[in-house]
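Each chain is listed here by its residues.
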Amino acid sequence: MSLISRSYLFVFILLAPAKFGSVVNSTGVGFYPLSLSEWLVAPWPPFLAPVFSSIALLLAALAGMRRMSSPGALCSRTLYVFPVALLPATLIGLIHTTEWDTALLFVWHIVGMINFVGAVALNIATCERSRGVFLVALAGGTILSVSSGLYQVKYGFEETRVMALKMAQAEQRKLSPAMQSRLSQRRAFATFTYPNNYAAHLILTLPLTLAMMWRFGGHFHPEQASRIVLTAFVAVPGLSVLFYTGSRSAVAALFMSCLLTAAAFYRRLPGASQPRRTRAIVGVAVMVAAVAVLAVYRGRSFASVEARGLYYWAAWKMFLAEPVFGVGMGEFFTYYMRLKPPGAEETRLAHNLFLHFLSQCGMIGGLAAVGFLFQPLIAATLFLRQRAAAPSNGLLAAGVIGAGAWSLHALTDFNIQIPVSVYFYAAMPLLVLAPLPRGNSAQSAPTIPRRYCVMVIGLAVAGLYPLCRADGEHAYQLFHNRARSLQRGDLMLRDVRETATKLPLSAYPWDLYGKIQLTRGDYSMAIQAFEEASKRAPHRAAYHAYLAQCYFAVGDVERARARIAQAVYWYPHHPDFKRLQTQFSAD
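The structure presented is a predicted model; accordingly, all values stated were derived computationally and were not measured.

Cis geometry is adopted by the peptide bond preceding proline 222, which originates at histidine 221 and carries an omega value of -5°. Relative to the elements of secondary structure, proline 222 occurs in the loop between helix H8 (195–217) and helix H9 (223–245). The backbone of alanine 190 sits at a positive phi, close to 55°, despite the residue not being glycine. Structurally, alanine 190 can be placed in the loop between helix H7 (177–185) and H8. Alanine 190 gets classed as buried once you look at its relative accessible area, which sits at 14%. The residue histidine 351 is not glycine, and still its phi comes out positive at about 60°. Inspection of the secondary structure assignment puts histidine 351 in the loop between helix H13 (332–339) and helix H14 (353–373). Looking at histidine 351, the relative accessible area reads 10%, which means it is buried.

Shown next as structure tokens:
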């Protein structure tokens, strides 16, 4: 059973970068695979990540019930506290939410992360060799991801453009400005949804991958030359792909993490007693970082930096409005639309892990986020204070560098929303730290203390719940693909009702149906659709605006006025809503 558990987790870690680089957020875009080829080649829906991690935890629990040598085989509890603390913080965010579909998706996402950490911990506690197996899987997955990025840089952009155009033609629509911008920028994103998320994954795993290649090179002769060649074989393409992501914040975060890690382990560095040498190294590192950031800049404007400033300002305003429980998990989008200045770009996410929790889950969410962000520092502190051991100082330093870079980058982007990224970050300390030796005091106690058994099994079973969503996602993908080609309204209504029954909290089946009926001029059916969508997402200004237009078209002016007033409340600076309100008031 132990071999099965390790093998399963090995495959999961190896393939996760290729399958779970999408954003955990409810949107109208369906990408549920409909064929075997799509399951093999395309990324998988992110709601399935908790299912796979929960299976890993169940297998690890079954394998480890009676095989741990002693309770001390589990590393310091400090490494588990902060990932687990995100779950109650997220549950607090349910108090005020109206975006239940988005909020519950995120809850299961956090449950999946906790289960992944638990599966890694129990496997390592059961068999110490598991750590090396998982490190090999992580390095292998990173190399495959880098290869995918290189292929995209060379050939994939044109393939993506052709595919996007075909999909747009099939759905009788134009490419969105966002997609056109992404294709024109030619920024590598490989199997991830966005280039910045791909860059975050690279800075997290690439340092540890290079350390693994350095260790692997020691098995060949001449040893030093082999180490250099094998490490460079991965470092050159890896850093090249990082450059082609165009993520300035990722490059800056990586170099900053290198400097902070060097400072933390200063006394253990060769030549630490030579101040001139140390200052020279730091100076060179700073100059290289500056050159790297300028190279990635490549003539791009700083509009994204300015936009993030507005995101952060809005998140802080949300916290001030609801400091105890937050505005509600999933509500950042709706409240940001209400708070943002005229002309500012729209966004669904806070682009900052700390403010993501602070704004939507209140003070407790902010505190949990701070602890989670400080994981690399906590891991380094445990080692330096001799409360944990390191199987390899090089692997420990690489792990701290990668996790530190990810943590810094998470202050400028939505890394918390990417399953593979947040899973690996949460488990990173367990891969590079080990419990202190405790002699031969083997005990026959079960791997999991009894008081934790129910919690572990409960989390594992809870993480399987998103399987119930699979049928609904499949139905929505089918409906999304054929909706515009259906001629008879009764057939389309039957499809949307069936899909909405399987996804009862999602507004998007009704949203899609309403937009199609509005285009066709069937206002009564559009009203029915947008009323249903508005029940599931009552703070969405767009649904109120659509309803206002439909009610006005059928002559119900009073309802049109009430709805456009709601639309203006939730999006006061929309260029059309004020005009419509004036028009309806005049009539």
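After that view, the rundown keeps rolling.
Bringing helix H23 (residues 541–553) into the picture now. Here H23 is 13 residues long and its end C-alpha atoms lie 19 Å apart, about the 18 Å a rise of 1.5 Å per residue gives. Residues Ala541, Tyr543, His544, Ala545, Leu547, Ala548, Cys550 and Tyr551 constitute the buried set of H23. In this fold, the buried residues of H23 make contact with helix H21 (508–520), helix H22 (523–536), helix H24 (557–570) and helix H25 (577–586).

Between side chains of opposite charge, a pair can form as their charged atoms come close. Taken as a whole and judged by the stated rule, the model has 17 salt bridges. Between glutamate 99 and arginine 540 there is a salt bridge; the shortest N-O distance is 2.8 Å. With a gap of 441 residues between them, glutamate 99 in the loop between helix H4 (78–92) and helix H5 (100–126) and arginine 540 in the loop between H22 and H23 connect regions that are remote in the sequence. Comparing glutamate 99 with arginine 540 shows no difference in burial state: the two are buried. In this structure, arginine 227 and glutamate 223 form a salt bridge, with 2.9 Å as the shortest nitrogen-oxygen distance.

With respect to the element layout, arginine 563 can be found in helix H24. Only 2.9 Å separates the side chain of arginine 563 from the side chain of histidine 544, close enough to count as a polar contact. If sequence neighbours within four positions are ignored, arginine 563 has contacts with Glu531, Ser534, His544, Leu547, Ala548 and Tyr551.

Together, Ile95, Val324, Phe325 and Met363 make up an exposed nonpolar region whose accessible area comes to about 350 Å². For valine 324, the location among the structural elements is in the loop between helix H12 (303–321) and H13.

Turning next to H13. Owing to its 3.6 residues per turn, the α-helix aligns residues three or four sequence positions apart on the same side. In terms of burial, H13 is largely enclosed, as six of its eight residues are buried. What H13 keeps buried is the set Phe332, Phe333, Thr334, Tyr335, Tyr336 and Met337.

The subject of this paragraph is the environment of alanine 470. Secondary-structure assignment places alanine 470 in helix H19 (residues 467–482). Between the C-alpha atom of alanine 470 and that of proline 45, which follows or precedes it by 425 residues, the distance is 9.1 Å. Apart from residues lying up to four places away in sequence, alanine 470 is in contact with Tyr32 and Phe47.

The next subject is the confidence of the model for the protein chain. Looking at the protein chain as a whole, its pLDDT mean stands at 86, while 84% of the residues score no less than 70. Per-element averaging of pLDDT across the protein chain places helix H11 (residues 275–297) at the bottom with 57 and H14 at the top with 96. Across residues 440–447, confidence stays below pLDDT 50; counting only partners more than four residues off in sequence or on other chains, it has 15 contacts.

With that settled, the discussion passes to the packing of H14 against helix H15 (residues 375–384). When two helices pack together, you describe them by how their axes are tilted relative to each other and by the distance separating the axes. Viewed as axis vectors pointing N to C, H14 and H15 meet at an angle of 50°, and their least axial separation amounts to 5 Å. As far as their axial angle goes, H15 and H14 are oblique. Side by side, H14 and H15 meet where Gly371, Phe372 and Leu373 of the first sit next to Gln375, Pro376 and Ile378 of the second. For the contact of H14 with H15, the per-class residue count stands at four nonpolar, two polar and no charged.

In this section: the environment of proline 341. You can see proline 341 is positioned in the loop between H13 and H14. Owing to a relative accessible area of 28%, proline 341 belongs among the partly exposed residues under this scheme. Sequence-wise, proline 341 and histidine 574 are 233 residues apart; in three dimensions their C-alpha atoms are separated by 9.9 Å. Not counting chain neighbours up to four residues away, the residues in contact with proline 341 comprise Leu310, Trp313 and His573.

Looking at the secondary structure, you find threonine 231 in helix H9. The class for threonine 231 is buried, based on a relative accessible area of 14%. Within the structure, threonine 231 has its side chain in polar contact with the backbone nitrogen of tryptophan 214 (distance 3.5 Å). In this structure the side chain of threonine 231 is engaged in a polar contact, spanning 2.7 Å, whose partner is the backbone oxygen of arginine 227.

Calculation rules
Counting restarts for each chain, with residues numbered from 1 along the sequence as it is written. Where local features are concerned, this predicted model is filtered to residues with pLDDT of at least 70; where side-chain atom pairs are given and counted, the filter is 80 or more; whole-chain, interface and lining totals use all residues. The side-chain values count all of the structure's non-hydrogen atoms but skip hydrogen atoms and water molecules. Elements are defined by DSSP. Helices are runs of H or I of four residues or more, strands are runs of E of two residues or more, and each kind is numbered from the N terminus. Relative accessible area decides the class of each residue, using a 1.4 Å probe on protein chains only: under 20% of the type maximum gives buried, over 50% gives exposed, and in between gives partly exposed. One fewer than the residue count of a helix, multiplied by 1.5 Å, yields its expected span. Whether two residues are in contact is decided by their heavy atoms: any pair within 4.5 Å suffices. Salt bridges are identified by distance alone: a Lys or Arg side-chain nitrogen within 4 Å of an Asp or Glu carboxyl oxygen. The term polar contact refers here to a pair of N or O atoms within 3.5 Å; inside protein, the definition further demands a hydrogen-donor-capable atom paired with an acceptor-capable atom, and it admits residues adjacent in sequence only when both atoms are side-chain atoms. Patch building starts from residues that exceed 30% relative accessible area and form no salt bridge, then joins like charges within 9 Å and nonpolar side chains (Val, Leu, Ile, Met, Phe, Trp, Tyr) within 5 Å. Per-residue and other accessible areas were derived by the Shrake-Rupley procedure at a 1.4 Å probe size, with only the shown protein chains allowed to occlude residues. Think of pLDDT as the predictor's per-residue confidence, scored from 0 to 100. Whenever a helix is involved, its axis is fitted only over the stretch in contact; in every case the axis is a line through C-alpha atoms, and angles between N-to-C directions fall within 0 to 180 degrees. Orientation labels follow simple angle bins: below 35 degrees gives roughly parallel, above 145 gives roughly antiparallel, 65 to 115 gives roughly perpendicular, and whatever is left gives oblique. Residues are grouped as follows: Ala, Val, Leu, Ile, Met, Phe, Trp, Tyr, Cys and Pro are nonpolar; Asp, Glu, Lys and Arg are charged; every other residue, Gly included, is polar.

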